[in-house]
Amino acid sequence: MLQVPYIRENKELIIERLKVRNIDATETINKIIEADKNRRETQQKLDEVLASSNAKAKEIGMLFKEGKGAEANALKQETSQLKEESKSLQEAFNTYAEELKQLLYLVPNVPHESVPEGKSDEDNVEIFAEGEFPKLHEGALPHWELTSKYDLIDFELGVKITGAGFPVYTGKGARIQRALVNFFLDNSTAMGYREVQPPLLINEASGFGTGQLPDKEGQMYHATTDDLYLIPTAEVPVTNIYRNTIVKTEDLPIKNTAYSQCFRREAGSYGSDVRGLNRLHQFDKVEVVQITHPSESMNALDEMVEYVKTLLQKLELPYRIVRLCGGDLGFTSVLTYDFEVYSAAQDKWLEVSSISNFETFQANRLKCRYKDENGKPQLVHTLNGSALAFPRILAALLENNQTPEGIKIPKELAKYTGFDIIK
RNA sequence: GGAGAGUUGGCUGAGUGGCUUAAAGCGGCACCCUGCUAAGGUGUUUUACUCGUAAGGGUAACGAGAGUUCGAAUCUCUCACUCUCCGCCA
């Protein structure tokens, strides 16, 4: 969420920039400024009343000590009015503070100046592309047929055990999954990320910290008996490591990586793009998360983009990078780059990574700070990126590398699978 | 799941109604002293909000919330969490 002093001082700029998201925040921003003003004025009054009430209480204590019980009791009378006053001021203050908080939850992050205008993913801007499109042989198949032809994934079995979107990986399919875990983690740790294995269930406070709650509640699986949520991404537990902390400035940037399974209800998704591995309720992903000094976050974003490029190069997959337009940009993000791989048999671009800079938006909720050169606590910047999401990578690997003899495994990955062709 | 004990500042740990934002020790930082891989001395050491150009001031916070009281770390209630033992178990 945005910081109130920032809103106060940059009202026009914020409203202008939020138009890139196709929203008019004028009314909400005005309400925020009003609620903030009321809150501060009420606090001043409240503080005054409490101060005089404190002073009186001290005086009463002194009088009792000196044995002047009568005077003390007289003074007690006076305090009752102050008490009433402070009570109603406290209530008013709480109301304004709550109102302010609720309003702040409504405002998304302010897009970076480089974010293009646009309504949907069709308006995202391609900024980079690399890799050759494969030439498929006659009779090439989409991955959901390849997986059954070579006994790699059993979608039907998943439906039996759980439901649609929970595939069962078998044999070499399961082995590739395991290979991808190690391949991705080895690469990210080599880039200086610390490996973390986080919980897959999170509490409500963690959901708030990274911005999944209160809004996107319906997208997470909720274990109601214990009021815990299954993580939609490792970003949530890994970033929440730093909730309510003041990190050492010399430790920045803090770089963590985690492999986890991710759970998404995908409520409201439909259509042909949910076929096979294209959209699942449970999937695997390696995530990279950075906590940086504010002056370094854009460099860190570039570094993450460069890093993900190397992964796709090693996997020999044709890919492109798009800059998300305002309409497609996530609520908490300032700037996001998506990586899409080309999956040949479907003739489709599949999103396999999303790399975002949240600047102070998450940090403000998380209360994650560092100390500046004056020793004053300041909010850090947080970033994260997928490196990478497995299912669509697998889909593209299978589709692009199919030959009449079998499916070939790229050299770098074959080091991890232990085989270089699936027959 | 059953029984019991706890939750205080970066850490250890005192504090059972006012002079306690909090003793003491450790750690950290600054300065001083000292002719040397050390020791000693003095001071300092939380955060949020808020007023102020600043210096500085006000308010709040001792797990969370509510209550009693002129006044709560301290008393009452509710909740959360941690630990120990027993049971169960990967």
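Note that the structure is predicted; figures quoted are calculated from it, not measured.

Parameters and conventions
Residues numbered from 1 in each chain as written. Chains lettered and ligands numbered in written order. Predicted model: local features only at pLDDT ≥ 70, side-chain atom pairs only at ≥ 80, totals over all residues. Heavy atoms only, no water. Helix = DSSP H or I, 4+ residues; strand = E, 2+ residues; numbered from the N terminus. Buried < 20%, exposed > 50% of the residue type's maximum accessible area, 1.4 Å probe, protein only. Contact = heavy atoms within 4.5 Å. Areas by Shrake-Rupley, 256 points an atom, 1.4 Å probe, with all protein chains shown as cover. Near = heavy atom within 4 Å. Polar contact = N/O pair within 3.5 Å; in protein donor to acceptor, adjacent residues only side chain to side chain. Patch = residues over 30% accessible without salt bridge, like charges linked within 9 Å, V, L, I, M, F, W, Y side chains within 5 Å. Salt bridge = Lys/Arg side-chain N within 4 Å of Asp/Glu carboxyl O. Lys, Arg positive; Asp, Glu negative; His and termini not counted. Charge placed at Lys NZ, Arg CZ, Asp CG, Glu CD. Pairing = 2+ DSSP bridges. Phe/Tyr/Trp six-rings, centres within 6.5 Å; stacked < 30°, edge-to-face > 60°. Lys NZ or Arg CZ within 6 Å of the ring centre and 35° of its normal.

**Structural notes on the overall build of chain A**
Move 1: Across its full length, chain A carries 13 helices and 19 strands.
Move 2: With the C-alpha coordinates of chain A rotated into their principal frame, the extents come out at 100 × 45 × 40 Å.
Move 3: Within chain A, buried positions represent 48% of all 423 residues.
Move 4: Within chain A, contacts between residues at least 6 apart in sequence are counted, and of these 74% link residues at least 24 apart.
Move 5: Surface accessibility of chain A: about 20800 Å² in total, with carbon and sulfur atoms responsible for 47%.

**What to know about the protein's contact with RNA strand B**
Move 1: Near RNA strand B there are 21 residues, and of these Arg39, Gln43, Ala57, Lys65 and Lys371 occur at the shortest range.
Move 2: Atoms of RNA strand B within 4 Å of the protein belong to the sugar or the phosphate in 65% of instances, the rest to bases.
Move 3: Contact between RNA strand B and arginine 39: a sugar or linking oxygen at 2.6 Å from a side-chain N or O atom of the residue.
Move 4: At 3.3 Å, a side-chain N or O of arginine 40 approaches a phosphate oxygen of RNA strand B.
Move 5: At the level of elements, α3 (26-65), α4 (69-106) and β14 (368-371) are the ones that each hand at least two residues to the surface near RNA strand B.
Move 6: Top element by residues in the surface near RNA strand B is α3. It accounts for 13 residues.

**Remarks on the side chain of threonine 336**
Move 1: Looking at the element boundaries, threonine 336 is found in strand β12 (residues 335-343).
Move 2: Among the polar contacts made by the side chain of threonine 336, one reaches the side chain of serine 333 at a distance of 2.7 Å.
Move 3: Apart from the residues lying within four places of it in its own chain, the contact partners of threonine 336 are Val322, Arg323, Leu324, Leu329, Ser354, Ile355 and Ser356.

**Re a negative patch on the surface**
Move 1: On the surface, Asp121, Glu122, Asp123 and Glu351 cluster together to form a negatively charged patch.
Move 2: Position of aspartate 121 among the secondary structure elements: in the loop between α4 and β1 (125-130).

**Details of the pairing of β12**
Move 1: Along β12, 9 of the 9 residues are buried, which leaves the element largely enclosed by surrounding structure.
Move 2: Here β12 shows two buried faces, one formed by Leu335, Tyr337, Phe339, Val341 and Ser343 and the other by Thr336, Asp338, Glu340 and Tyr342.
Move 3: Of the pairings in the sheet, the one linking strand β11 (residues 319-323) to β12 comprises 5 bridges and is antiparallel in character. Bridging from a neighbouring strand, tyrosine 319 pairs with valine 341 of β12.
Move 4: Pairing analysis gives 9 bridges linking β12 to strand β13 (residues 348-359), with the strands arranged antiparallel. Residue pairing across strands places serine 343 opposite lysine 348, the latter belonging to β13.
Move 5: Hairpin geometry of β12 and β13 is characterised by an intervening segment of 4 residues between the two adjacent antiparallel strands and by a positive phi of about 55° at aspartate 347.

**A short note on the pattern of salt bridges**
Move 1: Under the defined criterion, the tally for this structure stands at 14 salt bridges.
Move 2: Where glutamate 287 meets lysine 285, a salt bridge forms, and the shortest distance between an N and an O atom there is 2.6 Å. Of the two residues, glutamate 287 and lysine 285, both sit in the buried class.
Move 3: Three or more residues joined by partner-sharing salt bridges are found here, namely Arg8, Asp36, Arg39 and Arg40.

**Topic: the packing of aromatic side chains**
For any pair of aromatic rings, the description consists of the separation of the ring centres together with the inter-plane angle of the planes.
Move 1: Taken as a whole and judged by the stated rule, the model has 13 aromatic pairs.
Move 2: Of the aromatic side chains, those joined through ring pairs into one cluster are Phe183, Phe184, Tyr259, Phe390 and Tyr416.
Move 3: Looking at lysine 172, its charged tip hangs above the ring of phenylalanine 419, at a distance of 5.1 Å from the centre.
Move 4: Over the face of the ring belonging to phenylalanine 128 we find lysine 309, whose NZ or CZ atom lies 3.8 Å from the ring centre.

**Notes on the sheet that holds strand β5 (residues 201-202)**
Sheets are built from strands paired through backbone hydrogen bonds, the pairs being either parallel or antiparallel.
Move 1: Taken in spatial order, the 3 strands line up as β5-β7-β6 in an open sheet, and their pairing is antiparallel. Two strands close off the open sheet at either side, each with one partner strand: β5 and β6 (222-223).
Move 2: Pairing analysis gives 2 bridges linking β6 to strand β7 (residues 228-230), with the strands arranged antiparallel. Following the sheet pairing, alanine 223 is matched in β7 by leucine 228.

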